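# Examination of the molecular architecture
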Amino acid sequence: MIYLKTLLNVIDNSGAQVVECIKVLRHGPRNFAKVGDEITVVVKKARPLQTEITGQASNNRVKRRDICRAIVVRTRAPFRRPDGSVVRFDDNACVLVNKSGDPLGTRVSSVVAKELRELEFNKIVSLAPKTF
């Protein structure tokens, strides 16, 4: 479960490494996010900008203190799947997206939860090397 001030790893190549949750979007009385939920984040740690990067990759780079939206793709809190299995990941992770829901990065570097496919985040699932 992702609450306010939770730190998450960013697993795409948008330039951010660590972000902090500042708002859980569209959840009424529930104040936490789980896998597949959209959150607003602020970049706490980013990779240094490289001058030789050109084109679309340089436009989508984020810097420290930027405010972005993200989709939660892994959580440390265990959650139950409809088949009865319980899944728990090693870390909290997210992928940065724009307002329309498309990823800012062009690659996803590690595993994402299988629930993203049912929640229609097909672009993120197709970029990921494996779904678990």
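As named in an unreviewed UniProt entry, the protein chain is Large ribosomal subunit protein uL14m, taken from Suhomyces tanzawaensis NRRL Y-17324.

### Remarks on the packing of aromatic side chains
By the definition in use, this model includes three aromatic pairs. Relative to Phe89, the ring of Phe79 has its centre 6.5 Å away and its plane inclined at 35°; by these criteria the two rings are tilted. Residue Phe79 is located in strand β5 (residues 79-80), and its partner Phe89 is located in the loop between β6 (86-87) and β7 (93-97); the two are separated by ten residues in the primary sequence. A centroid spacing of 6.2 Å and a plane angle of 75° characterise the contact between Phe89 and Phe132, whose relative ring orientation is edge-to-face.

### A closer look at the side chain of Arg74
Within the element layout of this structure, Arg74 appears in strand β4 (residues 67-74). Here Ser110 takes part through its side chain, which lies 2.8 Å from a polar atom of the side chain of Arg74.

### Describing the pattern of salt bridges
In total, this model carries seven salt bridges according to the counting rule given. Measuring nitrogen to oxygen at the nearest pair gives 3.6 Å for the salt bridge that ties Glu20 to Lys44. Taken together, the positions of Glu20 in strand β2 (residues 16-24) and Lys44 in strand β3 (residues 38-46) put the pair 24 residues apart, joining distant regions of the chain. When its relative accessible area of 9% is taken as the criterion, Glu20 is described as buried. Judged by its relative accessible area of 40%, Lys44 falls in the partly exposed class. For Arg69, the salt bridge is made with Glu38, and the minimal N-O distance between the two is 3.5 Å. Of this pair, Arg69 sits in strand β4 while Glu38 sits in strand β3, placing them 31 residues apart in sequence. A relative accessible area of 13% places Glu38 in the buried class.

Conventions adopted
- Residues numbered from 1 in each chain as written.
- Predicted model: local features only at pLDDT ≥ 70, side-chain atom pairs only at ≥ 80, totals over all residues.
- Heavy atoms only, no water.
- Phe/Tyr/Trp six-rings, centres within 6.5 Å; stacked < 30°, edge-to-face > 60°.
- Helix = DSSP H or I, 4+ residues; strand = E, 2+ residues; numbered from the N terminus.
- Polar contact = N/O pair within 3.5 Å; in protein donor to acceptor, adjacent residues only side chain to side chain.
- Salt bridge = Lys/Arg side-chain N within 4 Å of Asp/Glu carboxyl O.
- Buried < 20%, exposed > 50% of the residue type's maximum accessible area, 1.4 Å probe, protein only.

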